[in-house]
Protein chains: 2
Amino acid sequence: MTWLDLPPDSPFGTANLPYGVFSRGDDSPRVGVRVGDEVLDLSVVLDDPVFAEPALNLFMAEGRARWNSVRARIVELLTAEEHRAVVSPALHPLAEVRMRLPFLVGDYVDFYANEHHASNVGRIFRPEAEPLTPNWRHLPIGYHGRSGTVVVSGTPVVRPRGQRKPSGDAVPVFGPTRRLDIEAEVGFVIGTGSRLGEPVSTGEFADHVFGVCLVNDWSARDIQAWETVPLGPFLGKSFATSISPWVVPLEALEHARIEAPPRDPEPLPYLADTEKWGLDLALEVRINGHVVSRPPFSAMYWTPAQMLAHLTVNGASTRTGDLYASGTVSGPERGQRGCLLELSWGGKETITLPGGMSRTFLEDGDEVTITATAPGPGGTRIGFGEVTGRVRPALGRRSGRA
Amino acid sequence: MTWLDLPPDSPFGTANLPYGVFSRGDDSPRVGVRVGDEVLDLSVVLDDPVFAEPALNLFMAEGRARWNSVRARIVELLTAEEHRAVVSPALHPLAEVRMRLPFLVGDYVDFYANEHHASNVGRIFRPEAEPLTPNWRHLPIGYHGRSGTVVVSGTPVVRPRGQRKPSGDAVPVFGPTRRLDIEAEVGFVIGTGSRLGEPVSTGEFADHVFGVCLVNDWSARDIQAWETVPLGPFLGKSFATSISPWVVPLEALEHARIEAPPRDPEPLPYLADTEKWGLDLALEVRINGHVVSRPPFSAMYWTPAQMLAHLTVNGASTRTGDLYASGTVSGPERGQRGCLLELSWGGKETITLPGGMSRTFLEDGDEVTITATAPGPGGTRIGFGEVTGRVRPALGRRSGRA
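What you see is a predicted model; the values in this text were computed from it and never measured.

Draft legend 1. Examining the confidence of the model for chain A more closely. Residue and element names in this part refer to chain A. Averaged over all residues, the pLDDT of chain A is 96; the fraction at 70 or higher stands at 98%. Here strand E23 (residues 351-353) stands out as the element of chain A with the lowest mean pLDDT, 95, in contrast to strand E22 (residues 323-325), whose mean of 99 is the highest. In the predicted structure, residues 398-402 sits below a pLDDT of 50 and forms 11 contacts with residues beyond four places in sequence or in another chain.

Draft legend 2. Looking closely at the UniProt feature "domain: Fumarylacetoacetase-like C-terminal" (unreviewed entry) in chain A. When the UniProt feature table is mapped to this numbering, "domain: Fumarylacetoacetase-like C-terminal" (unreviewed entry) covers residues 110-391 of chain A. Between the end C-alpha atoms of residues 110-391 of chain A the distance is 22 Å, and the span holds 12% helix and 29% strand.

Draft legend 3. A look at the sheet that holds strand E2 (residues 30-35) of chain A. Residue and element names in this part refer to chain A. Spatially, 5 strands are ordered E4-E3-E2-E1-E5 in an open sheet, and the strand pairing comes out antiparallel. Only two strands of the sheet have a single partner each, and these edge strands are strand E4 (91-93) and strand E5 (98-100). Within the sheet, the average angular offset between the axes of one strand and its neighbour, ignoring direction, is 50 degrees. Packed onto the sheet, helix H3 (residues 64-79) meets strand E1 (19-23), E2 and strand E3 (38-41) and runs at close to 65 degrees relative to E1.

Draft legend 4. Representation of the relation of the copies chain A and chain B in the model. Overlaying chain A on chain B yields an RMSD of 0.0 Å, the required transformation being a rotation through 180 degrees with an accompanying axial translation of 0.0 Å. Read as a symmetry element, the transformation amounts to a two-fold axis. Rotation axis and chain A: the residue whose C-alpha lies nearest the axis is Gly-232 of chain A, separated from it by 2.1 Å. Looking at chain A, 100% of its interface residues are interface residues in chain B too, so the copies touch through the same face.

Draft legend 5. Spotlight on the side chain of Asn-314 of chain A. Structurally, the position occupied by Asn-314 of chain A is in the loop between helix H8 (304-312) and E22. For Asn-314 of chain A, the side chain forms a polar contact with the main-chain oxygen of Leu-235 of chain B, separated by 2.8 Å. A polar contact is formed between the side chain of Asn-314 of chain A and the side chain of Ser-238 of chain B, at a distance of 2.9 Å. Among residues more than four places away in sequence, those in contact with Asn-314 of chain A are Pro-160, Arg-161, Leu-235, Ser-238 and Phe-239 of chain B.

Draft legend 6. Inspection of the interface of chain A and chain B at higher detail. The interface is formed by 53 residues belonging to chain A together with 54 residues belonging to chain B. Together, Arg-146, Leu-231 and Phe-234 of chain A form the three largest contributors to the area buried by chain A at its contact with chain B, with a combined 15%. Here chain A is connected to chain B by 2 salt bridges. Elements that contribute at least two residues to the side of chain A that touches chain B include exactly strand E6 (108-111), strand E7 (142-145), strand E10 (161-164), helix H7 (221-227) and H8 of chain A. By residue number, the principal contributor to the side of chain A that touches chain B is E7 of chain A, which donates 4 residues. Classifying every residue of the side of chain A that touches chain B gives 30 nonpolar, 17 polar and 6 charged.

Draft legend 7. Focus on the side chain of Thr-133 of chain A. By secondary structure assignment, the location of Thr-133 of chain A is in the loop between helix H5 (115-125) and E7. Within polar-contact distance, the side chain of Thr-133 of chain A engages the side chain of Asn-135 of chain A at 2.6 Å. Sequence-distant contacts of Thr-133 of chain A, defined by excluding residues within four places in its chain, comprise Arg-126 of chain A together with Val-229 and Pro-230 of chain B.

Draft legend 8. A look at helix H5 (residues 115-125) of chain B. Residue and element names in this part refer to chain B. Looking only at H5, the buried set comprises His-117, Ala-118, Ser-119, Asn-120, Val-121, Gly-122 and Ile-124. Contact partners of the buried residues in H5: helix H9 (340-343). The opening residue of H5, the one whose side-chain oxygen lies 3.0 Å from the backbone nitrogen of His-116, is Asn-114.

Conventions we followed
All chains use their own residue numbering, which begins from 1 and follows the written sequence. Note on labels: chains are lettered from A, ligands numbered from 1, in written order. The predicted nature of this model means local features are confined to residues of pLDDT at least 70 and side-chain atom pairs, given and counted, to a pLDDT of 80 or more, with totals for whole chains, interfaces and linings taken over all residues. Excluded from the side-chain calculations are hydrogens and water; all other atoms, namely the structure's heavy atoms, are used. Scored from 0 to 100, pLDDT reflects the predictor's confidence in each residue. For helices the rule is a DSSP run of H or I covering at least 4 residues; for strands it is a run of E covering at least 2, with both sets numbered from the N terminus onward. Contact definition: two residues touch when any of their heavy atoms are within 4.5 Å. UniProt positions are given in the numbering used here, feature names are shortened, and annotations may be inferred rather than shown by experiment. When DSSP finds two or more bridges between two strands, those strands count as paired. Angles shown run from 0 to 180 degrees and are taken between the N-to-C directions of axes, each axis being a line fitted to C-alpha atoms and, for helices, limited to the stretch in contact. The fit set for superposing copies consists of C-alpha atoms from residues with pLDDT of at least 70 in both; the fit itself is least squares. A 3.5 Å cut-off defines polar contacts: any pair of N or O atoms within that distance qualifies, except that in protein one atom must be a possible hydrogen donor and the other a possible acceptor, and neighbouring residues in sequence count only when both atoms are side-chain atoms. The term buried area denotes the loss of accessible surface (1.4 Å probe radius) that occurs when two parts are joined, taken as the sum for both partners. Within this document, salt bridges are pairs made up of a side-chain nitrogen of Lys or Arg and a carboxyl oxygen of Asp or Glu, the two lying within 4 Å of each other. Note on residue classes: Ala, Val, Leu, Ile, Met, Phe, Trp, Tyr, Cys and Pro are nonpolar, Asp, Glu, Lys and Arg are charged, and everything else, Gly too, is polar. For every residue, the accessible area (1.4 Å probe, protein chains only) is compared with the maximum for its type, and the residue is labelled buried under 20%, exposed over 50%, or partly exposed between those bounds.

Pasting the structure below:
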């Protein structure tokens, strides 16, 4: 099917073709598409200046019809033998390029749309109460995060400092977080924005969302716990949010679409499922190379189409480059929990790693990697670029454990 | 002092000189400075392409030394008679220009740094509990808002729709908000950003903050109440945040600087006041032309320097164009409360307007205007451009009261 020397079961074959921004040596960043373990320089093979940009934004703003025609053209370039001579020199091994933040982030919204995660967090923090707040099954809970600290996979994460209040103490102390955590999430990138005052319906999801990436929403649980009442998470989250360098086009996820789970009570009409936008993505979370969790995105309560409809129902506009993430993806099993808060049950249970190591929360030097795959055509799998990051010690301190 | 025909007590004299972005007719937007009731086209009189930009961002990114030299040059142009012939044609009456959003907003953070406001809100919503949460006196509480819906003064505000749960009902209903409110706030605009992992100390405030604007953080109290637990305000705020078209340079507020109020307990060292950054700004809030409140910014508990130090203490970076607002400004007196939630005490008391009219929350057609002045040199006052907006009926509904 392609003149490339690509295994038929490659997770980055012609059924995937995720977009990213890369640079080689001192060259300026430009747009590429991943094919196997190579990146195709689109600024060379396609005649549109948007691919010479250092971000996907201008291309994403061109709209769904253009996304589809570009994708069809790339498939043609990679399959018709006649293009081989022109295309081959524009292919570069991933090992020889540096991946950049794929798009300029407009607003970043983080949802909380997974019932297992929200229930577990409720049980951990409020064991005496109902795990879910009364609003949870009526709307996708979300909040705005810091878009300026969204960083590309591979960016080191410095252990943040801040206020935390040790339980039993009367006053807070200042220092490095002792409860550095991850959140394995899936992110949705707005390609075509929407105007102020004009809600986006669930049926318009695919006209606005360009593609999907992986997100690690790093969290400092002790900073978050002290600051969060009454206005929600702030510094416990704003120090870094890592995303994968590759944005998988929505079109590549046709075979991953599934029915959303049954909801009770039935959501209000503006949240009704008009199309099937559950997604059967299989995530994996590794700490220092060891798999600690396999969160199933199929377990999400709210779909990304519902999240976008909710986000805009009050008339809020969206812009090219806006990013919204699902919130932590967890499944019903312990081995499917998408953050250490849940995996260690609030720090009470240790997570075993090979070599006699264990964790409750992250230690300096730990590397966390999230990957995912999705069903592709003919039993193949679509791969997501990994999102990875290593923890660096806090500024001016020997160690986050001090 | 100036060759301009300007009253000596003008709030927009040469001691002020706020920056904005304007357009005339079909001309492209460019940077101007307000002098009296005119705007001086800086793209004409200053030799720097940043002033031909449709936003202040490139100029703001040039840094504090450049801000000061440009300001000095503008004063020279407006005072030395020799420049009159060149400068005069570049002055345009405000009535003949259209003001635009003055800068591209990076991240928008809203604080909650006024003790009177936070205490009143606590008393209204949790009458049985301590008005302030335990963390309130230890850190400036804040959260991220939606930067994509920050709009310039004059932009109509469509009454948002959303979920609200009438008290006593088991399930939420969907419709236009019945509790549309304003929040009179002061906003601080980042000129020079800071890098990831590098906190900005309280003493570095003036190196980073370019200037100050007025903010109306429109709020739908019923939508906010239903969604806000556990992750904070979202759709109750994200539909619109209006800002004044003029950004007053920090330099113009030298005479407004005052000591911050005494704090108990003493803040942690990273929040220590190293310089005097309380600001004696006098705000006025009008509904349909009638003054309903005169909030004093001198009553703020936390200074803008402390807000920025807190915002970045976890290593979060800042960018040119980031905006952070103070939160509602209220004083100890009833006539100093900066939002209708407080003025109507949760909707229980009516606010009297002339002509036998009264309000608890806003009705369709209401126009809200916030203005402010600050002490200038020699007993004069520095003026802020007003931030105004009129409420339009909700989409697809007869009225927000339906």
